[in-house]
Each structure stands twice: as C-alpha cells, then as structure tokens.
Amino acid sequence: MNIVEYFEKLNEVDKLTQAFLIGNVLFDDVQNEINEVLQKYIFNNNIDNLKDNPDVYILKQDEVNITKDVIKDLLNKLSTTSQFNNKKVYIIDKTEYLSDTVFNAILKTLEEPKEGIYAILISNNIDAVKPTIVSRCQKIFLTSSTDKLELSDEIEEIANNLIDSIEENGPKTIAKNYKMYNIITDRDKFVQILKTMMNEYHKVLKSIIEEKNDDFLNKKILENNNLTSILNKMLIIDNTINLMQNYLNKNLSIDRFIIEMWRCNI
C-alpha cells in the first residue's frame, strides 16, 4: 500500500488527522505521492506542483541545517494567511536527525495544532524520532521498492511460527523457546524474519482499514488485534530492524525485541 492508498482508506473512515509520520522512506522517494495526497485531501486540486505552492513548506536536512531559528521562521510563516483553501502544510525530511531543541520547538504545533495546519514528518528510522513526536502523529509504514522481499520458505516458516506464538500465548512464550536463538543463525536472517512479520501485520492492517476478510490473511492476528494493537506491533518490529544497524549481537537483538513486545502490553 502506498501513501495515496493509505490516505484514501483513512479518509473513507474519517480518520485523517493533522500530523503524519511516514516511516522507512525519504522525501525524494515519495514526493509525487505526497503531491497527489495534498492535491486531493488538502488543497482540493487547486495546485499543480508541491514546490510551487506558497502554502507548503519543505525542510530537507541535506539542503539546510534545521535549527531552532529555522523552525521559528517556519512557525512565523505558518501564522500568515493561507493563499489556498485556508490550509498550510509543512514537511520535514529525515526527522530522526532533528536536535532536541528543534523537536521541542515543533512539539507544540503537534500537541495543539491550529485549524488548517498540517504536518508531514518523514523518517528513514522511526526509532530515532523522539517518542513525544511519534505519539502525536498518525503513523504510516511503507516498504521501499528497493527492499521488497524474496525470501526462502524457511524464513517465512520461522516468521509465521513467531507470529503464531505471539498471538496465541504472548511474547513470553518466545522468551521460553530457546531453540529460536539457534534457528535464527545471524543478524541478516533475523532482519529478513522481522520484515516478513511486518508484511504479515501490514496485510491485516490493510484488511481492517478496507473492511475486508480475505482468506489468505493470518487469522490469529485478525482475531486478537485492533488497529492500535497492530500499529504498536509494527512499530516495535520496525524499531528492531532499525536498531539492528547498531546491535552486532544477534541474541541481544532478539532479547530486545522480546522485551519491547512484552512491555507494550499487546
């Protein structure tokens, strides 16, 4: 599911908010999709191009050092009169690289959004985004086109077994299954397994949003979860994948995954 499809489904069930955090991508990867979304759902087809719209403000880390002064200037611009439909949008790329000072500067706009002001935050590593920001945004998880899975039957079997254990008895059962540490032989294999799990939860999430009940779906996920629960699990899986870039020890990464699932009360 791409960004446009997400917004279409959320709009159908009247669940669009004013702040969105798009994960696992960069702005350049999704620029055309964001442009289409803004045309359809924000500016009522009054614009042709994202960058030509004076009511859209795009901050990219590779083009400007996003400091507190830059955010202050952005907030001043957001307070001026809109030229289209009384709407304004700001987009921040690579949100995970913002400093604590900058995070705090934009936090109020997310906590108390003014009518007609929309935030689209983009991150290639949601785990590095401050929890106070993440909790105030509607999260959209994407799979990069360069990251599509071509996995063996073994990977899929392990991933499905882990999902079954989590859904039937909770993550505690994984912690007691010491064979898992031997079955998952290295970090790369663990990452593939996590991505397969993410895909399974994503299928069910899409099904819930579209109000479908397809036969191919994992019924245990569908029976045991609501929308929020699935999003929480996807966030934990995504966080673990991102942290694997820093954690060289495969067993410690598995431990952390189990603990995070356990803490989430899901």
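Residues numbered from 1 in each chain as written. Predicted model: local features only at pLDDT ≥ 70, side-chain atom pairs only at ≥ 80, totals over all residues. Heavy atoms only, no water.

Undergrad: So what's going on with the pairing of strand 2 (residues 56-59)? Which residues, and what values?
TA: Two elements, strand 2 and strand 3 (residues 88-92), share four bridges in a ladder whose sense is parallel. Considered in strand 3, the bridge of Val-56 is made with Val-89. This β-α-β element, strand 2 to helix 3 (residues 68-78) to strand 3, shows right-handed connectivity. (Pairing = 2+ DSSP bridges. Helix = DSSP H or I, 4+ residues; strand = E, 2+ residues; numbered from the N terminus. Right-handed = clockwise from strand over helix to strand, strands pointing away.)

Undergrad: Lay out the sheet that holds strand 1 (residues 19-23) with the relevant residues and their values.
TA: Judged by pairing direction, the sheet is parallel, and its five strands sit side by side in the order 2-3-4-1-5 without closing on themselves. Each edge of the open sheet carries a strand with a single partner, namely strand 2 and strand 5 (138-141). Across the sheet, the axes of successive neighbouring strands diverge by a mean angle of 15°, strand direction being ignored. In this sheet, strand 5 lies alongside strand 1 in parallel orientation, the contact comprising four bridges. Bridging from a neighbouring strand, Gly-23 pairs with Phe-141 of strand 5. (Axes fitted to C-alpha atoms, helices over the stretch in contact; angles between N-to-C directions.)

Undergrad: If you had to explain the nonpolar core to someone new, which residues and values would you point to?
TA: The biggest cluster of nonpolar side chains holds 81 residues, and the ones touching the most others in it are Ile-34, Tyr-90 and Met-197. Ranked by the residues each element gives to this core, the list is headed by helix 9 (residues 187-210), at 10 residues. The contact partners of Met-197, leaving out residues within four places of it in the chain, are Ala-159, Leu-162, Ile-163, Ile-166, Ile-237 and Phe-257. (Core = buried A, V, L, I, M, F, W, Y, C linked by side-chain atoms within 4.5 Å. Buried < 20%, exposed > 50% of the residue type's maximum accessible area, 1.4 Å probe, protein only. Contact = heavy atoms within 4.5 Å.)

Undergrad: Lay out the side chain of Asp-55 in plain terms, naming residues and giving numbers.
TA: Looking at where Asp-55 falls in the secondary structure, it is placed in the loop between helix 2 (27-41) and strand 2. Judged by its relative accessible area of 1%, Asp-55 falls in the buried class. Among the polar contacts listed, one links the side chain of Asp-55 to the backbone nitrogen of Gln-83, at a separation of 2.8 Å. Here Asp-55 is in contact with Phe-43, Thr-81, Ser-82, Gln-83, Phe-84, Lys-87, Lys-88 and Val-89, once residues within four sequence places are set aside. (Polar contact = N/O pair within 3.5 Å; in protein donor to acceptor, adjacent residues only side chain to side chain.)

Undergrad: A description of the environment of Leu-231 should follow, citing residues and the corresponding values.
TA: Residue position: Leu-231 is located in helix 11 (residues 227-243). For the pair formed by Leu-231 and His-202, sequence separation is 29 residues and the distance between their alpha carbons is 8.7 Å. Those residues within four positions of Leu-231 in sequence are excluded, and the remaining contacts are Lys-139, Phe-141 and Leu-205.

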